[in-house]
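Each chain is listed here by its residues.
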Amino acid sequence: MSLDSESPSSPSSSRDWFFPSPSFIHSPQSPNYPRKFSTIPRHPRHSPPNWKPPRKSTFPAVSSSDIASYSYPKYGSLRRRVDFTQRSEKTPKQQGDDPVLEQKRDVSKAVSGEKTAVGEIGIRVLGQRVKIRWQMTFSLAILITAFGSLVHKNFSLHNQVIDLQDQISSMNLKFQACNMLDPLDTISISQESDHLSSKGLKILALTISIALLSVPIFLFKYVDYISKLRSSDNSSEKVSLNKQLEYRVDVILSVHPYAKPLALLIATLLLICLGGLALFGVTDDSLADCLWLSWTYVADSGNHANSEGMGPRLVSVSISFGGMLIFAMMLGLVSDAISEKLDSLRKGRSEVVEQNHTLVLGWSDKLGSLLNQLAIANESLGGGTVVVMGERDKEEMELDIAKMEFDFRGTSVICRSGSPLILADLKKVSVSKARAIVVLAEDGNADQSDARALRTVLSLTGVKEGLRGHIVVELSDLDNEVLVKLVGGELVETVVAHDVIGRLMIQCARQPGLAQIWEDILGFENCEFYIKRWPQLDGMQFEDVLISFPDAIPCGVKVASRGGKIILNPEDSYILQEGDEVLVIAEDDDTYAPSTLPTVNGASFMHIARPARKPQKILLCGWRRDVDDMIVVQRESLPRDFIVPKLMEKILLCGWRRDMEDMIMVLDAFLAPGSELWMFNEVVESERERKLDEGGLDLSRLVNIQLVHREGNAVIRRHLESLPLESFDSILILADESVEDSAIQADSRSLATLLLIRDIQAKRLPYREAMVTRGQRGSFSRGSWIGEMQQASDRSVIISEILDPRTKNLLSMSKISDYVLSNELVSMALAMVAEDRQINDVLEELFAEEGNELHIRLAELYLHEGEELSFYEILLRARQRREIVIGYRLVNAERAVINPPAKNERRRWSVKDVFMVITEKE
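Scoring rules and cut-offs
- One numbering rule holds for all chains: residues counted from 1, following each sequence as written.
- With pLDDT at 70 or above as the cut-off, local features in this predicted model cover only qualifying residues; side-chain atom pairs require 80 or more to be listed or tallied, and sums for whole chains, interfaces and linings still use all residues.
- Where side-chain values are given, they derive from all heavy atoms of the structure, hydrogens and water being excluded.
- Using a 1.4 Å probe on the protein chains alone, a residue whose accessible area is under 20% of its type maximum counts as buried, one over 50% counts as exposed, and one in between counts as partly exposed.
- We count a stretch as a helix when DSSP gives it H or I for four or more residues in a row; a strand needs E for two or more, and each element gets its number in order from the N terminus.
- Any two residues whose heavy atoms approach within 4.5 Å at even a single point are treated as in contact.
- One requirement defines pairing of two strands: DSSP has to find at least two bridges between them.
- A fitted line through C-alpha atoms serves as each axis, taken over the contacting stretch for helices, and the angle formed by two N-to-C directions is quoted from 0 to 180°.
- Put simply, a salt bridge is a Lys or Arg side-chain nitrogen that is within 4 Å of an Asp or Glu carboxyl oxygen.
- Pairing of N or O atoms within 3.5 Å defines a polar contact, subject to two protein rules: one partner must be a possible hydrogen donor and the other a possible acceptor, and residues neighboring in sequence count only if both atoms are side-chain atoms.
- We call a set of buried residues a nonpolar core when its members are Ala, Val, Leu, Ile, Met, Phe, Trp, Tyr or Cys and they connect through side-chain atoms within 4.5 Å of each other.

Concerning helix H10 (residues 367-377)
Counting buried residues along H10, eleven of its eleven residues qualify, which places the element largely inside the surrounding structure. In this fold, the buried residues of H10 make contact with strand S3 (358-361), strand S4 (385-390), helix H11 (394-402), strand S5 (412-417), strand S6 (436-439) and helix H26 (822-835).

Set out below in structure tokens:
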């Protein structure tokens, strides 16, 4: 076939060929449109003499990539313009009209059929609702159909352009083979085709962006219309659609923490995509460049100032306005997130990432003393970590702790706000990794405080990860101890504050000066109890173990064969077995270690001063220079056989406590038969008997004491003057139950009662001209009130229950009363049990009615006047009565020395000195 027959537009003459070759050249001089068209003349060799430029015709745009895909590889750059108007006589719109009309008819028939069915049923309201919904559905279907038709039309035109480009490529190849096509014409045709193809894509992009922007408007209108329709129907109980959507959005934003930033991210991406499509439709840039330009408009609203033309400026302003809104929302979210984080840190809501720390749950007046003792205990380790969680603001707790006047010694205190009854708050303070957990009793009602402690123990036992450490619970009432131990099991150690203080007051009333000994033993500032295993002591008798520690005093053995039971003051003949641990009193856990048995003049103590409980025959083999000293020491080891007599006592209790029945039972066990216990308070006698009976006290079972009831106010002088104050051996001033919630008020009442009692005693007792103890008490003039009170204090002992440490300092300076610092001693006991739970068994035995206890003994029980002995010799002499000497106080000293140094050094003693011993209860 010839070329003439292949070209549909070729003329009849074989020489006069007309090639439609309009060329499009970019003209930068056109301000309104980026390109303008110009006709490029044909090559003179190929132009006929009568040739004229053909008229310009347009056709849909075709991209260069599509043309290249259909071109021959060698002649891929050649293109030819072809008139294809005849092939597009039937448009896609005409092809799609019939389905649309048919769909309309189907919808109309469905609507009419629905109406007929509703009319037959007779429910007019339902018909109207269905009609409205079908109308809205029909409108939405028309909109979708129109949009789909438009998109289908564009894609159909695009496919036709691809087919025509394929034909053009094949024709260009043939013309190029005949050297009859100018390359310049081919470039012009390619540029025109690229421009028309790009123009079609830009129109499509602009249409899609406008359609996507209009979709939310239609959705909002539809939701609002449905909501109004539901609200107008009174018989319907359905919630409006807009309220349901608002609820769902609120749930998503409140439940999912990352919903807000995710929504902001999606909105930003949509704005960039829609803006990029719109820019692609109104500018000549590529889609990638338009997307990048849209991002710059969103990120910086000032970038749109360089836009030219109405369309680009309108689109850029719209994108910049949306970017400002997104930036404002992002700034609000970031600001809220930072504020929330700082607020959580300020209020103590952040998680504590610690392990092997001490956790304190609750807040009370005892916290200051407890933190001080824990800081002293951790000093040898270079400091530790104490976490405090209370139902208070973190700032308030940190401010109160900062006001405490003591050195933390490297221990860091971390405060968190939360409730110990909530597992989430417990996990926040790493409760499963704590080595000890201390539950403080709340100030106020004892039953409510113990109930809360019980619930706290239940919460602690419910931790899924389990607890690494033990729980130390402070209780206010002894009756609740059994229930707490039942719930906590082996994890719980209890310290009953009122019971401990009551027993300490009774012991200190019977033995003046014992309060200071307990302060030294319970606190970590001086010496305290430690339990440790020493394998080198296995097989050694306990009497030899007593003198094996130069820097500690052994007090008992933790027997492994009896399940770890601690035996205080065991028999001398007990032999330490494998696994046994030794209980000692030492300054710190790393300051003592066993050594070889001490010697004097080359001889071992166990050959010199070992006490003999029955007549023995001793054989001395050999001769020594000091054999006479050895015999003397053995003969003089027992100064005299002395038994402490039990005398009748007369004791006065001022005030009322909730555990009064427990104190009465302890006194009945300690005092000698025929003793009197006077009770002076504002509670009427009948009410006292009822409370004592409810507490489980049977008055008929009291053996050693007789109760004497007196009613009155302990801060009114005339009420106190009705009592024989000068005849009492001991007076116990209790923190009254009515004012125990306020430490300052309770201490003020106790201090006023103390001063009144001392003044009344001083007026009734004759003043002694020569005061033996004036030098040690201080120099006061004759007749001064403080001197008279000190004289009265020689005749009777007054024990005051003090809650505030500041009141303690006042009483210590005046020296008119022995005292018991309630909160501080309880805090010391809690700290010791928190450091080592085994110590709780030791304290319980020392406070109980049976077993061993602390006593103050006169020196005349162990030595003669002016005798020179070492502390080890006195220790071994005391073993004749199965006592363990733990310290002494010289006659001219103000404080006792516990675990004295240089135990092997001899010194001269006085019979007026006193020794502190652990012995069985008398």
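Back to the text.
Looking at the sheet that holds strand S9 (residues 528-532)
Pairing is antiparallel across the open sheet formed by four strands, whose spatial order is S9-S12-S10-S11. Every other strand in the sheet has two partners, leaving S9 and strand S11 (565-568) as the edge strands with one partner each. For this sheet the average axis-to-axis angle between neighbouring strands, irrespective of direction, equals 30°. Note that strand S10 (residues 552-559) and strand S12 (residues 581-586) share six bridges and pair antiparallel. When the bridges of S12 are listed, Lys-558 appears paired with Glu-581. Against the sheet, helix H27 (residues 839-847) engages S9, S11 and S12, with an angle of about 40° to S11.

Looking at the pattern of salt bridges
Counted under the stated rule, the structure contains 32 salt bridges. The closest approach of N and O atoms between Glu-481 and Lys-485, which form a salt bridge, is 3.4 Å. Linking Glu-481 with Lys-485, this pair stays in helix H14 (residues 481-488), spanning four residues, or about one helical turn. Judged by its relative accessible area of 34%, Lys-485 falls in the partly exposed class. Glu-571 serves as the salt-bridge partner of Arg-882, at 2.9 Å between the closest nitrogen and oxygen. In this pair, Arg-882 is assigned in the loop between helix H28 (871-878) and strand S23 (884-889) and Glu-571 in the loop between S11 and S12, connecting sequence segments 311 residues apart. We classify Arg-882 as partly exposed; its relative accessible area is 22%. Exposure remark for Glu-571: the relative accessible area of 42% places this residue in the partly exposed category. If you follow the salt bridges from partner to partner, you end up with Arg-717, Glu-721, Asp-759 and Lys-763 in one network.

Overview of the side chain of Arg-657
For Arg-657, the position within the fold is in the loop between strand S15 (650-654) and helix H19 (660-670). There is a polar contact of 2.7 Å between the side chain of Arg-657 and the backbone oxygen of His-498. Apart from the residues lying within four places of it in its own chain, the contact partners of Arg-657 are His-498, Ile-501, Gly-502, Met-663, Leu-734, Ala-735, Glu-737 and Glu-801.

A closer look at unusual backbone geometry
With a phi angle near 60°, Asn-356 is a residue other than glycine that sits in the positive phi range. Tracing the chain through its elements places Asn-356 in the loop between helix H9 (310-346) and S3. Looking at Asn-356, the relative accessible area reads 45%, which means it is partly exposed. A positive phi angle, close to 55°, is found at Arg-409, a residue other than glycine. Here Arg-409 lies in the loop between H11 and S5.

Notes on the nonpolar core
Nonpolar side chains in soluble globular proteins generally cluster together in the buried interior. Counting 121 residues, the largest nonpolar core has Trp-518, Phe-529, Leu-583, Ile-664, Leu-732, Ile-886 and Phe-915 as the members making the most contacts within it. If one sorts the elements of this core by residue count, H26 sits on top with nine residues. Excluding residues within four positions of it along the chain, Ile-664 makes contact with Leu-677, Met-679, Leu-692, Leu-697, Leu-702, Ile-705 and Leu-707. Judged by nonpolar contacts, the second largest core, of 24 residues, contains Val-387, Leu-426, Ala-434 and Ile-437.

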